[in-house]
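Examination of the molecular architecture
Below are the chains, spelled out letter by letter.
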Amino acid sequence: MGTEKNANLIGHNLGPYRIVEQIGKGGMATVYKAYEPALDRYVAIKVLPPYFAHEPDFSARFDREAKAVARLNHPNILPIYGFGQQSELSYIVMRYVGEGTLQDRLGAPLDLDRALNILRQVGQ
C-alpha cells in the first residue's frame with residue numbers, strides 16, 4: 001500500500017478492517033466501507049492522504065484530535081470506534097450509515113416535515 005493512491009486500498013486491510021468499497025471522497029480524506037470480522041459489522045473508515053505522515057508533529061496532533069472527537073456524544077454525531085496508523089496512512093473508524101451522503105441529498109426537493117426535522121437537528 002505505502003504511498004499508492006487510496007483507491008488501491010479496496011481489498012486490503014487497515015488494522016483489523018477489510019476495505020470493501022470507496023463511499024466518498026473530499027479534499028482532506030477518502031471514506032471507505034470496511035468489514036470488521038471480530039464484531040461482524042461494517043464500519044466507515046476515513047483515510048487521510050499519505051502526505052500528512054510527513055508533516056512534523058502530525059501523529060501526536062492526529063491522536064489528540066481523534067481522542068477529542070471520540071469524547072463527543074450526540075445523536076447527530078457519528079461515534080468514533082477507533083483510529084490508527086498503518087504505513088503512511090492515518091485513519092479514523094466510525095459507524096457506517098448506509099443512507100447515502102449529504103451530496104446525494106443536495107439538490108433534491110425536501111418535503112416540509114423533512115426540512116423542519118433537519119433544521120431542528122442542526123439547531124440542537
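Residues numbered from 1 in each chain as written. Predicted model: local features only at pLDDT ≥ 70, side-chain atom pairs only at ≥ 80, totals over all residues. Heavy atoms only, no water.

**Describing the side chain of Glu36**
Its location among the elements puts Glu36 in strand E3 (residues 30-36). Under the relative-accessibility criterion, Glu36 is labelled buried at 9%. The residues contacting Glu36, other than those within four sequence positions of it, are Pro16, Tyr17, Arg41 and Val43. (Helix = DSSP H or I, 4+ residues; strand = E, 2+ residues; numbered from the N terminus. Buried < 20%, exposed > 50% of the residue type's maximum accessible area, 1.4 Å probe, protein only. Contact = heavy atoms within 4.5 Å.)

**Description of the sheet that holds strand E6 (residues 89-95)**
Judged by pairing direction, the sheet is antiparallel, and its 6 strands sit side by side in the order E1-E2-E3-E4-E6-E5 without closing on themselves. Looking along the sheet, the strands with just one partner apiece sit at the ends: strand E1 (13-14) and strand E5 (80-86). Relative to E6, strand E4 (residues 41-48) runs antiparallel, the two being bridged by 6 bridges. Bridging from a neighbouring strand, Val47 pairs with Tyr91 of E6. Along the sheet, helix H1 (residues 58-70) contacts E4, E5 and E6; its crossing angle with E5, the most-contacted strand, is approximately 170°. (Pairing = 2+ DSSP bridges. Axes fitted to C-alpha atoms, helices over the stretch in contact; angles between N-to-C directions.)

**Regarding the pairing of strand E2 (residues 17-25)**
Sheet topology note: the E1/E2 ladder contains 2 bridges and is antiparallel. Bridged to Asn13 within E2 is Arg18. Hairpin connection from E1 to E2: 2 residues lie between these consecutive antiparallel strands, with Gly15 at a positive phi of about 55°. Bridge count for E2 against E3 is 6 bridges, and the pairing is antiparallel.

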